[in-house]
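Report on the structure
Residue-level listing of the chains:
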Amino acid sequence: MTGPRSLRPPKPFQGEAVWIVQHDESPHNTVLGVFATGDEAYAFMETVKDDYENGVICSYFPIGYRSTDGEVLYRAEI
């Protein structure tokens, strides 16, 4: 782990989608955080990516998303 993490209070959620940061190599795709904006999610990714050997990923999900809805864009951080 690198340095202390700074905790900021989250902004009130007012959107129609969430960003989920997860470690997809764990048995159950462990969710590490859920965020209202991509900026918040990617900032969090920077603080935790070194805690996981192959990094973490971030996915954008519209509210009401179901796994049967099809493709979701994501970015892996290594």
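Before reading on, note that the structure itself is shown above.
Described below are features of the structure shown in this document.

Reading guide: rules and limits
- Residues numbered from 1 in each chain as written.
- Predicted model: local features only at pLDDT ≥ 70, side-chain atom pairs only at ≥ 80, totals over all residues.
- Heavy atoms only, no water.
- Helix = DSSP H or I, 4+ residues; strand = E, 2+ residues; numbered from the N terminus.
- Buried < 20%, exposed > 50% of the residue type's maximum accessible area, 1.4 Å probe, protein only.
- Areas by Shrake-Rupley, 256 points an atom, 1.4 Å probe, with all protein chains shown as cover.
- Pairing = 2+ DSSP bridges.
- Salt bridge = Lys/Arg side-chain N within 4 Å of Asp/Glu carboxyl O.
- Phe/Tyr/Trp six-rings, centres within 6.5 Å; stacked < 30°, edge-to-face > 60°.
- Arc of directions from axis to C-beta.
- Core = buried A, V, L, I, M, F, W, Y, C linked by side-chain atoms within 4.5 Å.
- Contact = heavy atoms within 4.5 Å.

1. Overview of the overall build of the chain
- In terms of regular secondary structure, the chain is built from 1 helix and 4 strands.
- Listing every helix and strand of the chain by position from the N terminus yields β-β-α-β-β.
- Looking at the chain as a whole, 29% of its 78 residues are labelled buried.
- Just so you have it, the chain exposes about 5800 Å², and 53% of that area is on carbon and sulfur atoms.

2. Observations concerning the pairing of strand β2 (residues 30-35)
- Taken together, the 5 bridges between strand β1 (residues 17-23) and β2 define a ladder with antiparallel strand orientation. Note on β2: the bridge partner recorded for His-23 is Thr-30.

3. Regarding the pattern of salt bridges
- Going through the model one piece at a time under the given rule, you end up with 1 salt bridge.
- For Lys-49, the salt bridge goes to Glu-46, with nearest N and O atoms at 3.2 Å.
- The partly exposed category is assigned to Glu-46, whose relative accessible area is 42%.

4. Examining the packing of aromatic side chains
- Inspection of every chain in the model, using the stated rule, returns 3 aromatic pairs.
- When the centroid spacing of 5.1 Å and the interplanar angle of 65° are considered together, the rings of Trp-19 and Tyr-60 count as edge-to-face. Placement of the pair is Trp-19 in strand β1 and Tyr-60 in strand β3 (residues 56-62), with a sequence separation of 41 residues.
- Looking at Tyr-60, the relative accessible area reads 40%, which means it is partly exposed.
- On the basis of an interplanar angle of 40° and a centroid distance of 5.2 Å, the ring pair of Phe-35 and Phe-44 is categorised as tilted.

5. Structural notes on helix α1 (residues 38-48)
- Turning to α1, its buried residues are Gly-38, Glu-40, Ala-41, Met-45 and Val-48. Axial view of α1: buried residues confined to an arc of 160°, hence all on one face.

6. Some words on the pairing of β3
- Counting buried residues along β3, 5 of its 7 residues qualify, which places the element largely inside the surrounding structure.
- Note: β1 against β3, 6 bridges, orientation antiparallel. Paired with Trp-19 across the two strands is Tyr-60, which belongs to β3.

7. Remarks on the nonpolar core
- Ranked by size, the top nonpolar core spans 7 residues in total: Val-21, Phe-35, Ala-41, Met-45, Val-48, Val-56 and Cys-58.
- Elements with a contribution of two residues or more to this core: α1 and β3.
- Per-element tally for this core: the top contributor is α1, with 3 residues.
- The residues touching Val-21, leaving out its near neighbours within four places in the chain, are Thr-30, Val-31, Leu-32, Gly-33, Phe-35, Ala-41, Phe-44, Met-45, Val-56, Ile-57 and Cys-58.

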